[in-house]
Amino acid sequence: MATCGRGCVPAVRFCQRLNRLKTLDDDLMVTSMKRCLTMVDLALLGVGGMVGSGLYVLTGTVAKDTAGPAVVLSFLIAGIASLMAALCYAEFGARVPRTGSAYMFTYVSCGEIWAFLIGWNVVLEYMIGGAAVARAWSGYLDSMFNHTIQNYTENHIMKWNVPYIAHYPDLLAAGILVVATIFITFGVRVSSWLNHIFSAVSLVVILFILVFGFVLADPVNWSQKEGGFAPFGVSGVMAGTATCFYAFVGFDVIAASSEEAKNPQRAIPMATAISLCMAATAYILVSTVLTLMVPWHSLDPNSALSDAFFRRGYSWAGYIVAVGSICAMNTVLLSNLFSLPRIVYAMAEDGLFFAFFAKVNPVTKVPVNAILVFGLLMAVMALIFDLEALVQFLSIGTLLAYTFVAASVIVLRFQPEKEKTSSKANSTTSPNTNYNPEPSPEASESQIIAQDSGELKEYESFSDKLQLVEMQKTRERSAPGVLKARWEPYLGRLLGDFEPGEVVAFSVLAVMVSSVSLCAVFVFGSNQLQLPTWSFAVLIVVFGSTFLLSLLVIYAHEPHINTKTFQVPLVPFIPGASILMNVFLMLKLSPMTWIRFTVWVAAGLLVYFGYGIWHSKEGLRELQPKDMAARYVVLPSGSLVETVQSVQPNGHGDASALHTTPSPAQSAEEQQAKR
C-alpha cells in the first residue's frame, strides 16, 4: 500500500496541476482596461450579437421547412431555453467581473485544463462565426446587384474547385472584416458607438416590418385552408426549437465585456435580461408577421421578408429590409470581433496562451495585438472558405461553453468558502501591537479571538467558551456544501461523513454523465442503435431517474447565499435543465462537426502541454514562498489556542509558531487531543 501510495504521488500532483483553480484578486474592479460601458451599451451589444441575419433568413427557413406558422412557438421555447443559459452567464458576470466569459467562469470553478479547452473552442467559434457572417453579408449585398462582384472575381481574378473551399476568393467579405478590425482597435467607446448606430438602424427597420406587416396581415394564412397553424405537429415545433436556439447565441458578449462595465454587479444581469427579451420579442413578432403576410409554404427561404413584401406589391419595401439586414449583420460582426480578442487576452493574461496577446494598448485600453492577429485570421477564413463549410462547423464550442458554465454555477453555489491566508505571520495582529510570547494574566483568563466580522471579542468564562463552540458547530451545519438540517435524519448516515461540497461535486458529474446518456438514447436509440421498445424505455427511465436524483441530492445541501450580486434562481434545477438542453443539441450536430471538434481539441492540448501548463500564473504562484496563516484550535475542554501556520502550495501546513503560549493544563489537553 505504501509503495502504491508513493508511486501514485506524481500522478496525483499532475492531476492537481491540471485542475487547479484560478485565484481571484481581492479587488475585482481593478483592471488595465477602461470601465466605461453602461447598462444600455451592454444591452445593445447583446441585441447586436443575437439579432443578425437569422432574423431575415432563419425565420423563413424554419417556417417553410420545419414548423410552419408554429415557428412562433419554436422561437418562444428557444428563448426560454436560452434564458436558462443566459441567467448562468449573468450570475458569473456579476460575481466575477473579469473578461474571458465562459473561459474565466470555468477557470474559477472547474479547473485549468477545462477552462483552456473551453476558451480554445470558443475562440474558434468566434472566428468561424465572424467569417460566416462576413460571407453572408457579402453574398446579400452582391445579390442586390445581380452577383456582379462574384462574376467579376471569377472571370478576372481567380476561380478554383476544391472541396470545402469557396469557388472564388471573397474579397468583399475579407475587406469588411479588415475595416471592422481597424475600428475595433480604436477602443471600446468607438466599438460601442458603431454598434449603437447599426443597432438603431436595425431596430427602426424591424419596427417598420412589424407595423407595415401587421397592416398587410391576413389571418387566412394560419387557417386550415393553408395547412393550419402547426402543419408539422409537435415534432416540427421541437425540431424548429433546436434550430431557433442558435438565433440567440451571442448574449455571452455581455459577460465577455464585464471587465469594461462601469457597474457590472447591476449592469450585467439587467443587460442580459433586457437584450434577451428584446431579441426574443423581435424574433416572435417578425415570424408572426411573416407567416400572416403570405402562406408559409410559399416563402422564399433565402430572402423571406423581401420576397413577402414583393409578392404583396410593395417591392420598394425590400430595399428597406435589405438595409436592415446589412446593419444587423454588421452588429453581429462587431460582436464577434469585440468578444474574440478579449477571450484570447484573458487566456494570455493567465499565462495559458502566448504572452504577446496579453498586451493592452496604454491609449485605447484594448488588447490590440489580439484584435489585429485574430481579426486578420478571420478575414483569411472569410476569403477562402465557403459559407456552408463554415456554418457546419459552428455551435459545438458555444454549446460546450454553455454546459460548463451551467455546471460551474452549481459547483460554486455549493462550494465551501476558502480560508483567507495572509502573507505575513503578524498580519492577524494590529500593527501597533508588540509581540509578547509570554501570556499576560489577562490573556490566561480570557482568550481574544477574531470573529468572522473582524471584530475582537473576549470570552471570559467557560460557558462563553462553550457558547463559542456551539456557534462554530452551528456555522458548520449551515455552511455551503453541507447537508441541510431537515435532510440529516434521512441522508445523514449516507452522506454526512463527506467533506463540504464533495457530494455536490460528484452529483454534478453524475448530472453530466446522465445527461449525455439520456440524450444519446433519445437521439440515437431508435435509428442508429435500433433499440427494442422495452430497452429504449428502460434506459430512458434509468438515466432520467439518475439525472433527477442527482439534482435532488444537490438540492439537499446548503447553498451559498449572496445578496450583493445576482444569483440564478432555482439552483440546481435551472442549470440542470440548461445542461440537458445543451447536450441534446450537441448530439444533434453532424459527424463532421464532431471530427472538427476532435481535431481542434487535439491541437489545443498540444498548445496547453507545450506552453500553457509551464507558463500558468497559478502554477508560478504555487512556487512562491510559503504564506503564513493564523488558526484557532479548540481543545476538548473548550480552550482556545491561536497558532500561526505556514501554508504549503498543496494546501498542507505545519505549525511554526504560537501567538499565545498555552498553560500547562492546556498543553496536557493538547497532547491528549493529539493522542
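As the structure is a prediction and not an experimental result, all values here were calculated from the model. (Residues numbered from 1 in each chain as written. Predicted model: local features only at pLDDT ≥ 70, side-chain atom pairs only at ≥ 80, totals over all residues. Heavy atoms only, no water.)

Brief notes about the overall build of the protein chain
The helix and strand inventory of the protein chain stands at 26 helices and five strands. In the protein chain, which comprises 675 residues, the proportion classed as buried is 49%. Of the roughly 31800 Å² of accessible surface on the protein chain, 65% is carried by carbon and sulfur atoms. (Helix = DSSP H or I, 4+ residues; strand = E, 2+ residues; numbered from the N terminus. Buried < 20%, exposed > 50% of the residue type's maximum accessible area, 1.4 Å probe, protein only. Areas by Shrake-Rupley, 256 points an atom, 1.4 Å probe, with all protein chains shown as cover.)

Remarks on the nonpolar core
One finds Tyr56, Tyr89, Phe248 and Phe353 to be the most contacted residues of the largest nonpolar core, which totals 152 residues. It is helix H6 (residues 112–144) that provides the largest number of residues to this core, a total of 19 residues. Composition of this core by domain shows at least three residues from each of domain 1 (39–415 + 560–619) and domain 2 (476–553). Once you skip the residues sitting within four places of it in the chain, Phe248 turns out to touch Met50, Phe75, Ala78, Gly79, Ser82, Leu276, Ala279, Ala280 and Tyr283. Within the second largest apolar cluster, 13 residues are counted, among which are Ala43, Ala261, Ile268 and Phe338. (Core = buried A, V, L, I, M, F, W, Y, C linked by side-chain atoms within 4.5 Å. Domains from an automatic or database assignment. Contact = heavy atoms within 4.5 Å.)

Brief notes about the packing of helix H4 (residues 71–95) against helix H10 (residues 233–244)
Contact geometry of H4 with H10 gives a least axis separation of 8 Å together with a crossing angle of 50°. With respect to H10, the element H4 is oriented oblique. With respect to the hand of their crossing, H4 and H10 are arranged in right-handed fashion. Counted together, Val71, Leu73, Ser74, Phe75, Ile77 and Ala78 of H4 and Gly236, Val237, Met238, Gly240, Thr241 and Cys244 of H10 form the full contact between these two elements. Across the contact of H4 with H10, the residue classes break down as eight nonpolar, four polar and no charged. (Axes fitted to C-alpha atoms, helices over the stretch in contact; angles between N-to-C directions. Parallel < 35°, antiparallel > 145°, perpendicular 65-115°, else oblique. Left-handed = near helix turned anticlockwise from the far one by under 90°. Nonpolar A, V, L, I, M, F, W, Y, C, P; charged D, E, K, R; others polar.)

A closer look at the packing of aromatic side chains
Applying the stated criterion across every chain, the model contains 36 aromatic pairs. Taken together, a centroid distance of 5.3 Å and an interplanar angle of 75° make the contact between Phe356 and Phe357 edge-to-face. For Phe357, a relative accessible area of 8% translates into the label buried. Centre to centre, the rings of Trp594 and Phe597 are 5.7 Å apart; their planes meet at 80°, and the pair counts as edge-to-face. Of this pair, Trp594 and Phe597 both sit in helix H24 (residues 591–615), three residues apart, which is roughly one turn of the helix. (Phe/Tyr/Trp six-rings, centres within 6.5 Å; stacked < 30°, edge-to-face > 60°.)

Focus: the environment of Ile561
By secondary structure assignment, the location of Ile561 is in the loop between helix H22 (533–555) and helix H23 (573–587). For Ile561, a relative accessible area of 61% translates into the label exposed. With 82 residues separating them along the chain, Ile561 and Ala479 place their C-alpha atoms 9.9 Å apart.

Some details on the pattern of salt bridges
Counting across every chain of the model gives ten salt bridges. A salt bridge links Arg20 to Glu112; the shortest N-O distance between them is 3.0 Å. A residue pair is termed long-range when its members are at least 10 positions apart, and Arg20 in the loop between helix H1 (2–18) and helix H2 (39–50) and Glu112 in helix H6 qualify at 92 residues. Of the residues examined, Glu112 reaches a relative accessible area of 0% and is grouped as buried. Asp41 is the salt-bridge partner of Arg189, the closest N and O atoms lying 3.1 Å from each other. Of this pair, Arg189 sits in helix H9 (residues 188–215) while Asp41 sits in helix H2, and the two are 148 residues apart along the sequence. Judged by its relative accessible area of 26%, Arg189 is partly exposed. According to the relative accessible area criterion, Asp41 is buried, its value standing at 4%. (Salt bridge = Lys/Arg side-chain N within 4 Å of Asp/Glu carboxyl O.)

Comments concerning a nonpolar patch on the surface
A cluster of nonpolar side chains, namely Leu73, Leu76, Ile77, Ile80, Val234 and Met238, defines an oily patch on the protein surface of about 530 Å² accessible area. When contributions to the nonpolar patch are tallied by element, the ones reaching two or more residues are H4 and H10. No other element matches the four residues that H4 contributes to the nonpolar patch. Of the residues examined, Leu73 reaches a relative accessible area of 37% and is grouped as partly exposed. (Patch = residues over 30% accessible without salt bridge, like charges linked within 9 Å, V, L, I, M, F, W, Y side chains within 5 Å.)

So, the confidence of the model for the protein chain
On average, residues of the protein chain carry a pLDDT of 81, and 81% of them reach 70 or more. Mean pLDDT across the elements of the protein chain ranges from a minimum in strand S5 (residues 653–658), with 39, to a maximum in H22, with 94. Throughout residues 420–460 the model reports pLDDT below 50, and contacts reaching past four residues in sequence, or to other chains, amount to 53 contacts. Note that pLDDT drops below 50 for residues 628–644; the model gives that stretch 65 contacts with residues more than four away or on any other chain. (pLDDT = per-residue confidence, 0-100.)

A look at helix H3 (residues 53–67)
Taken residue by residue, H3 has Gly54, Leu55, Tyr56, Leu58, Thr59, Gly60, Val62, Ala63, Thr66 and Ala67 as its buried positions. Gly68 sits one or two positions beyond H3 and adopts a positive phi of about 70°.

Notes on the packing of H6 against H24
One can describe the packing of H6 onto H24 by two numbers: an axis separation of 10 Å at closest approach and a directional angle of 125°. Our classification of the angle between H6 and H24 gives oblique. The two elements H6 and H24 cross, and the hand of that crossing is right-handed. Contact residues: H6 offers Glu112, Ile113, Phe116, Leu117, Trp120, Asn121, Leu124 and Glu125, while H24 offers Arg596, Phe597, Trp600, Val601, Ala603, Gly604, Leu605, Val607, Tyr608, Phe609 and Ile613. Residues of the contact of H6 with H24, tallied by class, amount to 14 nonpolar, two polar and three charged.

Quick word on unusual backbone geometry
Peptide bonds are mostly trans, and most non-glycine residues show a negative phi. With an omega of 15°, the peptide bond running from Val571 to Pro572 counts as cis. Of note, Pro572 is situated in the loop between H22 and H23. Of note, Ser101 is a non-glycine position whose phi angle comes to about 55°, a positive value. Here Ser101 is to be found in the loop between H4 and helix H5 (102–107). With relative accessibility at 2%, the residue Ser101 sits in the buried group. In this model, Lys365 sits at a positive phi of 60°, which is unusual for a non-glycine residue. Take Lys365: it is sitting in the loop between helix H14 (316–349) and helix H15 (368–384).

Some remarks on the environment of Glu499
Of note, Glu499 is situated in the loop between helix H20 (488–495) and helix H21 (502–524). With 18 residues separating them in the primary sequence, Glu499 and Gly481 have C-alpha atoms 8.2 Å apart.

Focus on the environment of Pro480
Mapped onto the secondary structure, Pro480 falls in the loop between helix H19 (462–477) and H20. Taking relative accessible area as the criterion, Pro480 reaches 13% and is therefore assigned buried. In this structure the C-alpha to C-alpha distance between Pro480 and His560, which are 80 residues apart in sequence, comes to 5.1 Å. Leave out the neighbours within four places in its chain, and Pro480 touches Arg413, Phe414, Gln415, Pro416, Pro500, Glu558, Pro559 and His560.

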